[in-house]
Amino acid sequence: MGTLVVLGALLTLWTAPAGAQDDNETVVGGTIRIRAAEPDKENTPVEGVEITISTIDGTEVGTAVTDETGAWRLVLPDGGEYIAELDQSTLPEGVPLRDPERATLDFNINAGSSRNVLFPLGEIVGPESDTIQIVQLTIDGIKLGMIIAMSAIGLSLIYGTTGLVNFAHGEMVTFGAMTAYILSQYGLLGGLIGGDFAIQLIIAGLLTFVLAAVAGGLFNELVWKRLRKRGASLISMLVVSIGFSIMFRYIMLFQFGGRVRRYRDYQIQDTIDLKYFSITPKDIFIIVFSTIILIGVGLALQRTRIGKAMRAVADNRDLAESSGIDVEKVIRTVWIAGGGLAGIGGVLFGLTETVGWEMGFRLLLLMFAGVTLGGLGTAYGALLGSLVVGVFIQTSTLFIPTDMKNVGALLILAVILLIRPQGLLGRAERIG
Amino acid sequence: MTAEAAPEITARSVPALGKRFFARWLDELLLGSALLLAWLLFLYAVGDGRGTIDGALWGLAALVVVVAALYNQVWLTAAEGASVGKRTAGIKVLDRETGLPLGLGRTVARELLSPLAVTALKDELGQGLHDKVVGSVVVRDAWRQPELVAGDAAAARAALADVSPTPGSRKPDPILIAENISRTFGGLVAVDVDHLEIQRGVITALIGPNGAGKTTLFNLLTSFDQPTTGTKAFNGETIDDVPAHKIANYGMVRTFQLTKSLSKMSVLENMKLGATDQKGEGMLSALFTPLWSAQDKEIEERADELLARFNLDHMRDEFAGTLSGGQRKLLEMARALMVRPSLVMLDEPMAGVNPALKQSLLDHVKGLRDQGMTVVFVEHDMDMVQDISDWVVVMAEGRVIAEGPPTSISDNQAVVDAYLGAHHDSALDLGDDS
Amino acid sequence: MDWGGILDNTLRGLIGEQFIYFALAAIGLNIHFGYAGLLNFGQAVFMAAGAYGLSIMVVTYDWSFWAGVGMGLIVFPAVLALILGVPTLRLRADYLAIVTIATAEMFRLIARSPRYDWLTGSSDGHGGFATRFYELSPFDPGERYFFGLFIGNQFFVVLVGWAALVVVVTLVWALIRSPWGRVLKAIREDEDAARSLGKNAYFYKMQALMLGGMIGALGGMLRAIGTQSAQPQNFITDVTFFAWVALILGGAGKIMGPVVGAALLYGLINFTDGLLRQLVEEGFISESVMDGTQVGQVRFLLIGVGLVALAALRPQGLFGNKEEMALDDR
């Protein structure tokens, strides 16, 4: 089975790095900092905070104290499950933990790896004005919306051309992010045989686009095309896509473990302070780059032959087929392009947040919200809807706790369905 | 359009008025603000506004708007639902003051809508339909279908002899009236019919080139789609706001262009499904077999009779999915008859049926009329239309362009033009079986 | 290799408490998908409604155990079904799938948020709400019962679970053979046809969503009682997929399908779980390939593979009839 071959290749690609780390120490660490109230100020490190690590059965392993940069670090004897406890009495006056109940955290660590354990401090609300905050959040929202849009266009076009709601689309995003991580960390060769052949992230990203597009094409060729040929019902195809989603997700968990990673490049950047908001160069890059790509996609849909064919098939498959459009070819293109875009979306998502096994699934739900909002099956709808969802999620943090911001996005999904089920740009269907 | 006075469709139910009032323009506005305010409500409920005065005010405002916006979806459904129980007895109980069905939300309705409602009720009483005023309620015999009167081709054609063969012409005894019905999809006008009447006890054919809007018109008439404008009446009563699933209870039943046989149910189960007002269809009563077993047996007998008539009795216990295309069409028609309809609307009943079965289908359609039912059907094959229909309505580009007895249609200039626009071969080739 | 232990585990999977929870959840899904054609990918939330319905009423609001049972079995799932169904049941089947899976995620985010600790106990959840239940147990908590497979309290849960299973299966059987069940199946086959014949498809779908949800809630509640805790991580989205695999394995649209499927699924899971653990412990599988924590992840991986294989290759279930499936012309 071809799928297995691809899977096998990916597994070897992903297995080797774990081995490459073996001679490293097992290290846990972190940084304790007060988040600056105003965007133009540096975060303030907190010195002298004590963190005690003990094993799961209560034996103390050691205590670390933060240095003048707020960093702490402790070498552990072995991998496994540990408990980290922050001594709250060592925190300066008036600087509480964001959640005092989480002064004790347990974490898992693999032998030979290092990981961060974070104790976020409470935010000290400064005299930041609402306008500045709203502008800032809107910019963040646009960035998030762009990423959602890029990943979701494929989802929407696949639905439009084949009628399939591809639940495994989130995993295509994770695939992109993970592949770029491996490439930028170990390089293509390093991924296969071990050693360090790291590729700069931008090049890795472009490579990822190609790999993800190929993966999308193969996914269609090996799975979906066969199922379509066999006349499988849409519902059973939907269940198959869910099966793939779980399978991929747990393969990644199996290979990478539950911890999140960051790209080696562009990890820390100084923010550029503009009057109403501040932004890092990588965020500027993300917004500009994704705007270019999205405009490119729009132009391609509008101008090129295959783009027009895509819209025609999405609009009315039978009509398109009878007017001589090769529907299978269009579907193949949609999968390839959709896979590539989802992969790039994954890289950008990993760049703004972190790379982890569940990231795609989290983004999938936001993609659903965006795509449904814009109108299932329409490319421009996906774009518009995703932008709205992105901005909405970020600005909602003005009012609701950050860990609940996605709840709001999912809630509007339900409200939209209640009021305008065909979405902003969708059209109602004819019956009979 | 001729200048003669159109018979007004005045007997409209009050929910219709209310719904139109809200639905046509207020809805958009209300739903828009509801979205916004519901979001604010959420923010204030879980966000930092919790416990503040303006949080509560916002919440209250949002609630009011949401309730108002959901008004026609929730409340009207509830009010209508209350009258469903009475429907089985063949009567509709209305509040005398408001003319609303007695039931949920009556008080709210009275406050909101009484000025409109009283006029509407006056109109209705003026019509002199089977109304009886008892104390503070009106018992209205609205659901009783007229008895079916057996007919035949001669009688049907005779009844239409005096009708002028012009689009939108008045019929002596219309069972279905559509007035100013239009439907637009985006910018595209799919249907725009000024006036259309369907004569009772007659077979009416609906023809027209592909994309003429025939199926869309079917959907609009049977409430499977909502018209952008316009109103329609069945047996003298508006059915504008009757949802699709209630249309069958009025005695109007339709079939579909793509046959909808329920594949993984047996032929018999398909038939039994068609019977309306089954006692065992409630979730709770379903648990008590004695409540419904007797009725179920009756239904089964009726189903068996119909199956025998349609030559499907040998397939009785097979899955409907194993039937041939023609047999499915037969099954769909037979199943529709389980509803005991007075109007049967067939969307391309002959499409994809082999010639042997076609004749038998034709005979069945004629048989429906001879039992007193009214038939409307969409068809492409002109020979067939000539053979079985008593009246032909021609549609093109969403409009009714011609009407008349079948003999007069093929030399009607408008019809020839319409078809010539679509096909360049010959004026009389009305076939289009794609 | 401890083959006896593996065998015990497998048996417990076939008839034990995990089987019961998921059999009930899958029966609920069978009503949704097998009979009404509804794509519910949030059965975990219905299970959670049962579990949290009980625990919130008992722990947070100090109600009695039985009042909590009533809330968790009827009120919570009914309200949830309304919330899920009102926006989606008039639309294409995919929309319900999207909304249910989104709700499952929403539930997880809310239930573990420290902000709602007062209500849900955040990530630690609730405990100690089932004392009244175990007081009724006639079995000695220290003893082992049924060939030593279950300890006393466990055995009580299993017995009650089996009784519930019998009642639920009978109920579903009675409903499906009635005209009500006929309408439901008609809606699954073609909603528009059902509507043209005077059936209020929306209403029936809502009823089905509620009924299936309540049965799922029963499963979730028993799970909370059995484990004596209601925690967010017990009701994550992946739990839904276990129920789906059980349903498709046994065959959707058959009364006993989900029961057989759940038994097979848990028999199989426990067997592979036990076997892999043994292999890792005995060193047949080296640590570099798989360690103890990864064994648990393999089970999810297998669920994914199972879903793909079943839905693609045998959508009619292991025992289903291929011809019947071929009738599906959608």
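Quick note: structure is the one above.
The rules behind each value
- Residues numbered from 1 in each chain as written.
- Chains lettered and ligands numbered in written order.
- Predicted model: local features only at pLDDT ≥ 70, side-chain atom pairs only at ≥ 80, totals over all residues.
- Heavy atoms only, no water.
- Helix = DSSP H or I, 4+ residues; strand = E, 2+ residues; numbered from the N terminus.
- Buried < 20%, exposed > 50% of the residue type's maximum accessible area, 1.4 Å probe, protein only.
- Contact = heavy atoms within 4.5 Å.
- Pairing = 2+ DSSP bridges.
- Axes fitted to C-alpha atoms, helices over the stretch in contact; angles between N-to-C directions.
- Salt bridge = Lys/Arg side-chain N within 4 Å of Asp/Glu carboxyl O.
- Nonpolar A, V, L, I, M, F, W, Y, C, P; charged D, E, K, R; others polar.
- Expected span 1.5 Å × (residues − 1).
- Polar contact = N/O pair within 3.5 Å; in protein donor to acceptor, adjacent residues only side chain to side chain.
- Phe/Tyr/Trp six-rings, centres within 6.5 Å; stacked < 30°, edge-to-face > 60°.
- Patch = residues over 30% accessible without salt bridge, like charges linked within 9 Å, V, L, I, M, F, W, Y side chains within 5 Å.
- Areas by Shrake-Rupley, 256 points an atom, 1.4 Å probe, with all protein chains shown as cover.
- Buried area = accessible area lost by both parts, 1.4 Å probe.
- Core = buried A, V, L, I, M, F, W, Y, C linked by side-chain atoms within 4.5 Å.

> Teacher, can you tell me more about the overall build of chain B here?
Scanning chain B from N- to C-terminus turns up 14 helices and 13 strands. The burial tally for chain B puts 53% of its 434 residues in the buried class. Contacts in chain B between residues far apart in sequence, at least 24 positions, make up 69% of those at least 6 positions apart.

> Honestly, the sheet that holds strand β11 (residues 374-378) of chain B in this entry has me stumped. Any pointers?
The pairing of strands in a sheet comes from backbone hydrogen bonds and takes either a parallel or an antiparallel form. Residues and elements named next belong to chain B. Read from one edge of the open sheet, six strands run β9-β10-β11-β6-β12-β13, paired in mixed fashion. Both outer strands of the open sheet, β9 (252-254) and β13 (399-404), are each paired with one neighbouring strand and no more. Looking at each pair of strands side by side, their axes are set apart by 15° on average, direction ignored. Where strand β6 (residues 203-207) lies against strand β12 (residues 391-396), four bridges are found, and the strand directions are parallel. For Thr204, the partnering residue across the bridge sits in β12 and is Trp391.

> I keep staring at the interface of chain C and chain B and nothing clicks. Help me out?
Size of an interface: often given as the accessible area lost when the parts come together. Contacts between chain C and chain B engage 32 residues on the former and 39 residues on the latter. When the shortest N-O distance is used, the salt bridge between B:Lys260 and C:Asp190 registers 3.3 Å. At the level of elements, α8 (152-176), α9 (179-189), α10 (191-196), α11 (201-227) and α15 (322-326) of chain C are the ones that each hand at least two residues to the side of chain C that touches chain B. Taken together, the residues that form the side of chain C that touches chain B break down as 14 nonpolar, five polar and 13 charged.

> Whenever I open this one, the sheet that holds strand β9 (residues 114-116) of chain A confuses me. Can you help?
All names here are of chain A. Strand order in this open sheet of three strands is β6-β1-β9, and the pairing throughout is mixed. The sheet terminates laterally at β6 (71-76) and β9, the two strands that pair on one side only. Between one strand axis and the next, the sheet turns by 20° as a mean value, whatever way the strands run. In the sheet, strand β1 (residues 26-31) pairs with β9 via three bridges, with the strands oriented parallel. Note on β9: the bridge partner recorded for Val27 is Ser114.

> What's the story with the pairing of β12(B) in this structure? I'm lost.
Within a regular strand, the side chains alternate between the two sheet faces. Residue and element names in this part refer to chain B. Burial analysis of β12 places six of its six residues in the buried class, which makes it a mostly covered element. Side chains of β12 alternate between two faces, with Trp391, Val393 and Met395 and Val392, Val394 and Ala396 buried alike. Here five bridges tie β12 to β13, and the two strands are oriented antiparallel to one another. When the sheet's bridge partners are listed, Val394 is paired in β13 with Ala402. Between β12 and the antiparallel strand that follows it, β13, lie two residues; Glu397 among them carries a positive phi value of about 50°.

> So what exactly am I meant to see when it comes to helix α12 (residues 237-250) of chain C here?
Note that an α-helix has 3.6 residues per turn; residues three or four places apart therefore point the same way. Relative to the 20 Å expected for 14 residues at 1.5 Å per residue, α12(C) spans 21 Å between its end C-alpha atoms, a close match to the ideal helical length. Of all 14 residues making up α12(C), 14 are buried, and the element is well covered by its neighbours.

> Help me out: how do you make sense of unusual backbone geometry in this one?
Negative phi is the rule for most residues except glycine; trans is the rule for most peptide bonds. Here the phi dihedral of B:Asn180 falls at roughly 55°; this positive angle occurs in a residue that is not glycine. One can find B:Asn180 in strand β4 (residues 174-185). Since its relative accessible area comes to 39%, B:Asn180 is described here as partly exposed. One non-glycine residue, C:Asp62, lies in positive phi territory at about 65°. With respect to the helices and strands, the residue C:Asp62 is situated in the loop between α3 (43-60) and α4 (65-88).

> How should the side chain of B:Gln199 be read in this particular structure?
All names here are of chain B. As for its placement among the helices and strands, Gln199 is situated in strand β5 (residues 188-199). For Gln199, a relative accessible area of 5% gives the class buried. Separated by 3.0 Å, the side chain of Gln199 and the backbone nitrogen of Asp173 make a polar contact. Sequence-distant contacts of Gln199, defined by excluding residues within four places in its chain, comprise Ala159, Leu160, Lys171, Pro172, Asp173, Pro174, Ile175 and Thr374.

> Looking at this structure, how should I read the packing of aromatic side chains?
Within a pair of aromatic rings, the relevant descriptors are the distance that separates the centres and the angle that separates the planes. All names here are of chain C. According to the stated counting rule, one finds 37 aromatic pairs over all chains in the structure shown. Here Phe133 and Phe156 contribute two aromatic rings whose centre-to-centre distance is 4.9 Å and whose plane-to-plane angle is 40°, an arrangement assigned as tilted. Placement of Phe133 in helix α7 (residues 131-135) and of Phe156 in helix α8 is noted, with a sequence separation of 23 residues between them. Note on accessibility: Phe133 and Phe156 belong to one class, buried. Ring centres 5.0 Å apart and planes at 65° place the aromatic pair Phe146 and Phe147 in the edge-to-face group.

> Before we go on, may I ask you to explain a nonpolar patch on the surface in this structure?
All names here are of chain A. A contiguous nonpolar surface patch, about 430 Å² in accessible area, is contributed by Ile202, Ile203, Leu206, Leu207 and Phe285. Counting residues per element, the nonpolar patch draws most heavily on helix α4 (residues 201-229), at four residues. Tracing the backbone through its elements, the reader meets Leu206 in helix α4. Accessibility expressed as a relative area gives 51% for Leu206, which makes it exposed.

> Can you walk me through the side chain of C:Ser229 in this structure?
In this structure, C:Ser229 sits in strand β4 (residues 229-230). Sequence-distant contacts of C:Ser229, defined by excluding residues within four places in its chain, comprise C:His126, C:Gly127, C:Phe129, C:Ala224 and C:Asn234.

> Quick question: what am I supposed to make of the pattern of salt bridges here?
Pairing is possible between side chains of opposite charge, provided their charged atoms come close. Residues and elements named next belong to chain B. Tallying each qualifying case throughout the model produces 31 salt bridges over all chains. Arg316 is the partner of Asp304 in a salt bridge, and the nearest nitrogen-oxygen pair spans 2.7 Å. With Asp304 in helix α9 (residues 289-309) and Arg316 in the loop between α9 and α10 (325-337), the pair connects residues that are twelve residues apart, well separated along the chain. You can call Asp304 partly exposed: its relative accessible area is 25%. Judged by its relative accessible area of 21%, Arg316 falls in the partly exposed class.

> Quick question: what am I supposed to make of the interface of chain C and chain A here?
Taken together, the contact between chain C and chain A spans 48 residues of the former and 45 residues of the latter. Across the chain C to chain A interface the summed buried area is about 4,100 Å²; carbon plus sulfur atoms make up 75%. On the chain C side of the contact with chain A, C:Tyr95, C:Ile98 and C:Met106 bury the most area, a combined 14% of that side's loss. Remark: the boundary between chain C and chain A carries one salt bridge. Close ionic contact of A:Arg249 with C:Asp238 constitutes a salt bridge, the shortest N to O distance being 3.4 Å.

> It is not clear to me how the nonpolar core should be interpreted in this structure. Could you clarify?
One broad trend across soluble globular proteins is that nonpolar side chains are buried collectively. Residues A:Trp224 and C:Phe41 are the most contacted members of the largest nonpolar core, which totals 261 residues. Take this core: its biggest share by element is 14 residues, from helix α5 (residues 234-256) of chain A. Contact partners of C:Phe41, with chain neighbours within four places excluded, come to A:Leu238, A:Val239, A:Ile242, C:Ala97, C:Thr100, C:Ile101, C:Thr237, C:Thr240, C:Phe241 and C:Trp244. Ranked by size, the runner-up nonpolar core spans 32 residues in total, among them B:Leu176, B:Met252, B:Leu343 and B:Met345.

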